[in-house]
Amino acid sequence: MKAFGYVSAKDVGHAVALLGEHGAGAKLLAGGTDLLVELKFATHGPEIIVDISRVDELKNITVIDEGLRIGALVTHAELMRSRIIRDMFPALADAAHSIGAVQTRNLGTLGGNLMTCVPSMDSGPTLMALDARVTYVSRRGHSQAPLADLFVAPRKTSLASDELLTAIIIPKANLGKPVAFQKFGLRKGQALALVNAAAAFWVDRDKNSFVQPRIALGAVAPTVIRATRAEAFLEGKTISDEAMAEAGRIAASEAKPISDFRASADYRRELIAVLTKRALESAYARANNKVMESVP
Ligand SMILES: Cc1cc2nc3c(=O)[nH]c(=O)nc-3n(C[C@H](O)[C@H](O)[C@H](O)COP(=O)(O)OP(=O)(O)OC[C@H]3O[C@@H](n4cnc5c(N)ncnc54)[C@H](O)[C@@H]3O)c2cc1C
């Protein structure tokens, strides 16, 4: 590991000032579960680490006028324990629970997970299926963007090196939207996703049909993606097993999975179809207040 400077930021303003001063030479440290592994093998380390792990203003989960705001430093363990999350979006707790082991979940943060921008991240699909937005700040001021725009390429986000992700906002219009998360790895625990999937939709009770369906997939393309053709197929359709299975098949056809040492592209395509259908079924069960086993 290369030598580097270290500063523990007192608050967001302090962190932003340090990022502005050091530019690309600075690196933010949240839980460090990803960054420390990266630093160990990096040939060019940062000049300075800006540790934001003590910045309390980024650790809250609150309902605000715009919707549900989750601070970037909320850990996976805190998401699992949060009463608000468990009541409104148990799928977010399921996704958090599927990440690493206890130690990783105690340290790893939601913001850090999104900023790693790896295609298999487990927090991305559920938030993307809920049309989440991200807020970020730099010396130029505060900004907001759809979460989908944050993901540019593997390990590359749209944020500049002097920008700090502050929060994730699930819009008010989607509060309580039934959503479910599914993940398949090579083991039941401590495994990265071969494929993960989230599905969300409202139910038109008169017609028993899908309204505003969203399907988001991880580990099947360079970044987390929406399966927009499958969504368009479902919009307004009567809810049925066949419709969900067909949406799974369409989602599989629009993804671009790769073959690697963990699974072939064909196997991943099969998984997309299966997990998409399971996520749709599970979201429907949630809409009807039935408990279904979610993450295996
Ligand atoms: C053993 C192990 C198992 C794991 N299993 C999984 C798994 O199953 N699923 C999964 O999705 N991930 C997994 N991970 C990856 C990792 O734990 C998560 O991605 C974690 O959420 C990262 O958060 P962090 O706070 O530790 O980020 P850090 O390591 O502190 O930071 C990660 C990156 O994000 C940047 N960053 C952090 N916070 C901000 C911010 N607020 N604004 C701007 N940039 C920021 C950092 O500069 C760094 O580049 C695993 C990791 C380990 C070590």
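Structural data are supplied above this passage.
In this text, all values refer to a predicted model and were calculated from it rather than measured experimentally.

In terms of helices and strands, the protein carries 12 helices and 14 strands. Relative to the compact-globule value of 19 Å for 296 residues, the protein shows a C-alpha radius of gyration of 19 Å, a close match. Each principal axis of the C-alpha atoms in the protein carries an extent, and together these give about 60 × 45 × 30 Å. Classification of the 296 residues of the protein by burial places 51% in the buried group. In the protein, once contacts between residues fewer than 6 apart in sequence are set aside, the share between residues at least 24 apart is 63%. Accessible surface for the protein amounts to roughly 13,500 Å². Of this, 53% is attributable to carbon and sulfur atoms. Of the charged side chains in the protein, 36 are positive and 31 negative; the average position of the first set lies 3 Å away from that of the second.

Here Phe-151 is to be found in strand β8 (residues 151–153). Taking C-alpha positions, Phe-151 is 9.1 Å from Pro-119, a pair spaced 32 residues apart along the chain. Every residue in contact with Phe-151, bar those within four places of it in the chain, is listed here: Leu-114, Cys-117, Met-121, Met-128, Lys-156, Thr-223 and Val-224.

Another aspect to go through is the site of the ligand. Looking at the ligand, there are 30 residues lining it, with Leu-28, Thr-33, His-76, Thr-109 and Asp-122 nearest. Between Gly-100 and the ligand, the recorded distance is 3.1 Å, taken from a backbone N or O atom to an oxygen atom. Coverage of the ligand by the protein chains reaches 88% of its 980 Å² of free accessible surface. Elements with a contribution of two residues or more to the shell around the ligand: β2 (26–29), α7 (110–116) and β10 (164–171). For the shell around the ligand, the per-class residue count stands at 13 nonpolar, 13 polar and 4 charged.

With that settled, consider unusual backbone geometry. Even without being glycine, Asn-208 reaches a positive phi, approximately 50°. Here Asn-208 is to be found in the loop between β12 (195–204) and β13 (209–218). For Asn-208, a relative accessible area of 26% corresponds to the partly exposed category. Positive phi values are uncommon outside glycine, yet Gln-212 reaches one of about 50°.

Moving on, we come to the nonpolar core. Here is a general trend for soluble globular proteins: nonpolar side chains tend to be buried in one another's company. Membership of the largest hydrophobic core comes to 38 residues, with the highest contact counts inside it found for Ile-70, Leu-114, Leu-127, Phe-151 and Ile-170. Of the residues that make up this core, three or more belong to each of domain 2 (58–174) and domain 3 (179–287). Once residues within four sequence positions are removed from consideration, Leu-127 is found in contact with Leu-92, Leu-110, Leu-114, Ala-132, Leu-147, Ile-168 and Ile-170. Residues Val-203, Ala-227, Ala-230 and Ala-251 belong to the second largest nonpolar core, which totals 33 residues.

Bringing the pattern of salt bridges into the picture now. For the structure shown, the criterion picks out 16 salt bridges. Across the pair Asp-131 and Arg-226 runs a salt bridge, and its minimum N-O distance is 4.0 Å. Of the two residues, Asp-131 sits in the loop between α8 (124–129) and β6 (133–138) while Arg-226 sits in strand β14 (residues 225–226), which places them 95 residues apart along the sequence. Residue Arg-226 is classed as partly exposed on the basis of its relative accessible area, which comes to 29%. A salt bridge links Asp-162 to Arg-140, with the shortest nitrogen-to-oxygen separation between them at 2.6 Å. One end of the pair, Asp-162, is in the loop between β9 (156–157) and β10; the other, Arg-140, is in the loop between β6 and β7 (141–146), with 22 residues separating them in the sequence. Note on Asp-162: relative accessible area 16%, which makes it buried. The exposure class assigned to Arg-140 is exposed, which follows from its relative accessible area of 57%. Taken together, the shared-partner salt bridges in this structure form one network comprising Asp-131, Arg-214, Arg-226 and Glu-231.

What counts and what doesn't
- Residues numbered from 1 in each chain as written.
- Predicted model: local features only at pLDDT ≥ 70, side-chain atom pairs only at ≥ 80, totals over all residues.
- Heavy atoms only, no water.
- Helix = DSSP H or I, 4+ residues; strand = E, 2+ residues; numbered from the N terminus.
- Rg over C-alpha atoms; globule rule 2.2 N^0.38 Å.
- Buried < 20%, exposed > 50% of the residue type's maximum accessible area, 1.4 Å probe, protein only.
- Contact = heavy atoms within 4.5 Å.
- Areas by Shrake-Rupley, 256 points an atom, 1.4 Å probe, with all protein chains shown as cover.
- Lys, Arg positive; Asp, Glu negative; His and termini not counted.
- Charge placed at Lys NZ, Arg CZ, Asp CG, Glu CD.
- Near = heavy atom within 4 Å.
- Polar contact = N/O pair within 3.5 Å; in protein donor to acceptor, adjacent residues only side chain to side chain.
- Nonpolar A, V, L, I, M, F, W, Y, C, P; charged D, E, K, R; others polar.
- Core = buried A, V, L, I, M, F, W, Y, C linked by side-chain atoms within 4.5 Å.
- Domains from an automatic or database assignment.
- Salt bridge = Lys/Arg side-chain N within 4 Å of Asp/Glu carboxyl O.

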